[in-house]
Amino acid sequence: MADDKGAGGSNSMWGGRFADRPDAIMEEINASIGFDRRLAAQDIRGSQAHAAMLADVGIISEEDRRAISQGLDEIGGEIERGDFAFRRDLEDIHMNIESRLREQIGDAAGRLHTARSRNDQVATDFRLWVKEQCAEAEAALGRLVNALLDQAEAGAGTVMPGFTHLQVAQPVTWGHHMLAYVEMFRRDAARFADARARMDECPLGAAALAGTGFPIDREATAHALGFARPTANSIDSVSSRDFALEFLSAASICATHLSRLSEEIVIWSSAQFAFVTLSDKFTTGSSIMPQKKNPDAAELTRAKVGRILGSLVTLMTVMKGLPLAYSKDMQEDKEPVFDAADALALALAAMAGMVADMRPNADRLREAAAQGFSTATDLADWLVRELGMPFRDAHHVTGALVKAAEDRGVDLDALSLAEMQAVEPRITEAVFDVLSVEASVRSRTSHGGTAPARVAEMVALRRSGD
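Just so we're clear, the structure is a prediction, and the values are computed from it rather than from any experiment. (Residues numbered from 1 in each chain as written. Predicted model: local features only at pLDDT ≥ 70, side-chain atom pairs only at ≥ 80, totals over all residues. Heavy atoms only, no water.)

## Focus on the pattern of salt bridges
Applying the stated criterion across every chain yields a total of 34 salt bridges. Of the charged contacts, one joins D188 and R191 as a salt bridge, the two residues approaching to 3.0 Å between their closest N and O atoms. Remark: R191 and D188 occur in helix 7 (residues 174–198); sequence separation between them is 3 residues, near one turn of the helix. The class for R191 is partly exposed, based on a relative accessible area of 27%. Here K281 ties to D357 by a salt bridge, and the two come within 3.8 Å at their closest N and O atoms. Here the residue K281 occupies a position in the loop between strand 5 (276–277) and helix 11 (296–319), and D357 occupies one in helix 12 (residues 334–357), the gap between them amounting to 76 residues. Given the relative accessible area of 68%, K281 is considered exposed. (Salt bridge = Lys/Arg side-chain N within 4 Å of Asp/Glu carboxyl O. Helix = DSSP H or I, 4+ residues; strand = E, 2+ residues; numbered from the N terminus. Buried < 20%, exposed > 50% of the residue type's maximum accessible area, 1.4 Å probe, protein only.)

## Side note on the packing of helix 3 (residues 40–56) against helix 4 (residues 62–81)
Viewed as axis vectors pointing N to C, helix 3 and helix 4 meet at an angle of 170°, and their least axial separation amounts to 9 Å. As summarised for this structure, helix 3 and helix 4 are arranged roughly antiparallel, according to the angle between their axes. Together, A40, I44, S47, Q48, A51, A52 and A55 of helix 3 and E62, R65, I68, S69, L72, D73, I75, G76 and I79 of helix 4 make up the contact between the two elements. When grouped by side-chain class, the residues that make up the contact of helix 3 with helix 4 number 9 nonpolar, 4 polar and 3 charged. (Axes fitted to C-alpha atoms, helices over the stretch in contact; angles between N-to-C directions. Parallel < 35°, antiparallel > 145°, perpendicular 65-115°, else oblique. Contact = heavy atoms within 4.5 Å. Nonpolar A, V, L, I, M, F, W, Y, C, P; charged D, E, K, R; others polar.)

## Side note on the state of the cysteines
Overall, the coordinates contain 0 disulfides when judged by the stated rule. Considering cysteine sulfurs only, C254 is the nearest to C134, which forms no disulfide, with 11 Å between them. No disulfide involves C202; its nearest neighbouring cysteine sulfur is the one of C134, lying 16 Å away. (Disulfide = S-S within 2.5 Å.)

## Observations concerning the pairing of strand 2 (residues 167–173)
Bridge count for strand 1 (residues 159–164) against strand 2 is 6 bridges, and the pairing is antiparallel. Bridging from a neighbouring strand, P161 pairs with P171 of strand 2. Taking the residues between adjacent antiparallel strands as the criterion, strand 1 and strand 2 are bridged by 2 residues, where H165 takes a positive phi near 60°. (Pairing = 2+ DSSP bridges.)

## Concerning the side chain of Q151
Within the secondary structure layout, Q151 lies in helix 6 (residues 118–154). A relative accessible area of 8% means that Q151 is categorised as buried. Excluding anything up to four places from it in sequence, Q151 contacts W174, M178, V355, A356, M358, R359 and P360.

## Thoughts on the confidence of the model for the protein chain
Of all residues in the protein chain, 93% attain a pLDDT of 70 or more, and the chain-wide mean is 90. Ignoring residues within four places in sequence, the model shows residues 4–10, a span with pLDDT below 50, making 23 contacts including any to other chains. (pLDDT = per-residue confidence, 0-100.)

## Some details on the packing of aromatic side chains
A complete count under the given rule lists 10 aromatic pairs for this structure. Ring geometry for F273 against F275: centres 5.1 Å apart, planes inclined by 80°, an arrangement best described as edge-to-face. Grouped by ring-pair contacts, the aromatic residues F126, W129, F243 and F338 constitute a single cluster. One residue, R37, lies across the ring of F86, its end atom 4.2 Å from the ring centre. Over the aromatic face of F338 sits the side chain of R38, whose NZ or CZ is 4.9 Å from the ring centroid. (Phe/Tyr/Trp six-rings, centres within 6.5 Å; stacked < 30°, edge-to-face > 60°. Lys NZ or Arg CZ within 6 Å of the ring centre and 35° of its normal.)

## Section: unusual backbone geometry
Cis geometry is found at the peptide bond from L324 to A325, where omega equals 10°. Relative to the helices and strands, A325 resides in the loop between helix 11 and helix 12. Of note in the backbone geometry, E91 takes a positive phi value of approximately 75° without being a glycine. By the secondary structure assignment, E91 is in the loop between helix 4 and helix 5 (93–105). Even without glycine at this site, H165 takes up a positive phi of about 60°. Residue classification places H165 among the exposed positions, given a relative accessible area of 76%.

## As for a nonpolar patch on the surface
A cluster of nonpolar side chains, contributed by L209, I235 and L324, occupies part of the molecular surface with about 280 Å² of accessible area. Residue placement: L209 occurs in the loop between strand 3 (201–202) and helix 8 (218–224). (Patch = residues over 30% accessible without salt bridge, like charges linked within 9 Å, V, L, I, M, F, W, Y side chains within 5 Å. Areas by Shrake-Rupley, 256 points an atom, 1.4 Å probe, with all protein chains shown as cover.)

Following this line, the structure appears as structure tokens:
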């Protein structure tokens, strides 16, 4: 996208300032139609709203408005059908559509660009597109959250190991683990919603950078395009891309969460863990090893964070040193955003499908939950609660009991009462009531805890939208 005063050639769409045609290299680096054609629908919407406003305030005639509107509708149809001939020499989507409009309706097409610039035009198109992507990401996250809630509800009482440092720490429930990701992805959806609210301002009417002397109605065009209001400063309107940066930031955080869940699915589906079984829909085989069932969808989703985060760094770098207002550097804003949006949409769809189809292996999860002295904290808590022991002392006693069990090669609940009393004489038979993994998870009844009752309550709360 070029500033209306950019360097160029004999492109008749922007006047007679230059006599010579651009060098082929200049034409190659200058053109953006190869990627900004994705903004065609938004560009037509913006032009329709602008033409209607120009007619309403008396800047163009109603006859011209009707011709422009009909012509733009026809162009939109051509683009949807694949019949539109995009021309590289016309540089961008704006000039391609305006040139075609002139072919259709003649001089009336030239009046469409009154009181606007390609600078505010592209800022408007791009905001519209990014707003739509935020809404689509929110919807996709909603589908993923619902799939996780289904898993959480079904597995509210299924015991599994909870990890720290990828080592067994304490027993938790499958439902509780799924709810952890529900919280992450709900925050991601909220970030996209927040970003969408902040970008809900229309740049159209800012013109090149200083506004316009024509008596335009910016409120009208803003509302016609579904924005809450027009932007407040014409320079900021055309020179800022923080709406795109905020989308990429939210996308990067979301992709990080997707990558973490993907990593767990890769680990869980391995033969060494065997925590989950993935469906054939989201796995592939090996060309040489017939026994393999590879979690390729999870691996590829895990990799998407690299592309999405790279897009954020790309646009941050493009924008970091630009003086106000518009610079042609900003033509480089769209490709990283397009790429990130595509990658995020695919990753969210893949993850929702994997989560919906994966099946937890309850017996294996329960077996793993009982390993690694996972109820040691429950033992320490019992010593505090029943014997009135300071927690640090209880921690020391528990450590000694873990060492005793480790020396024998058994779990804590396999120690005899006599062996326990050799370490702490006041321990009673009642201690064995807290040493099973089921008892452990049932006891974690604090708000946000892993107890099956708390998990069921939280699933119901999140399904209600709270």
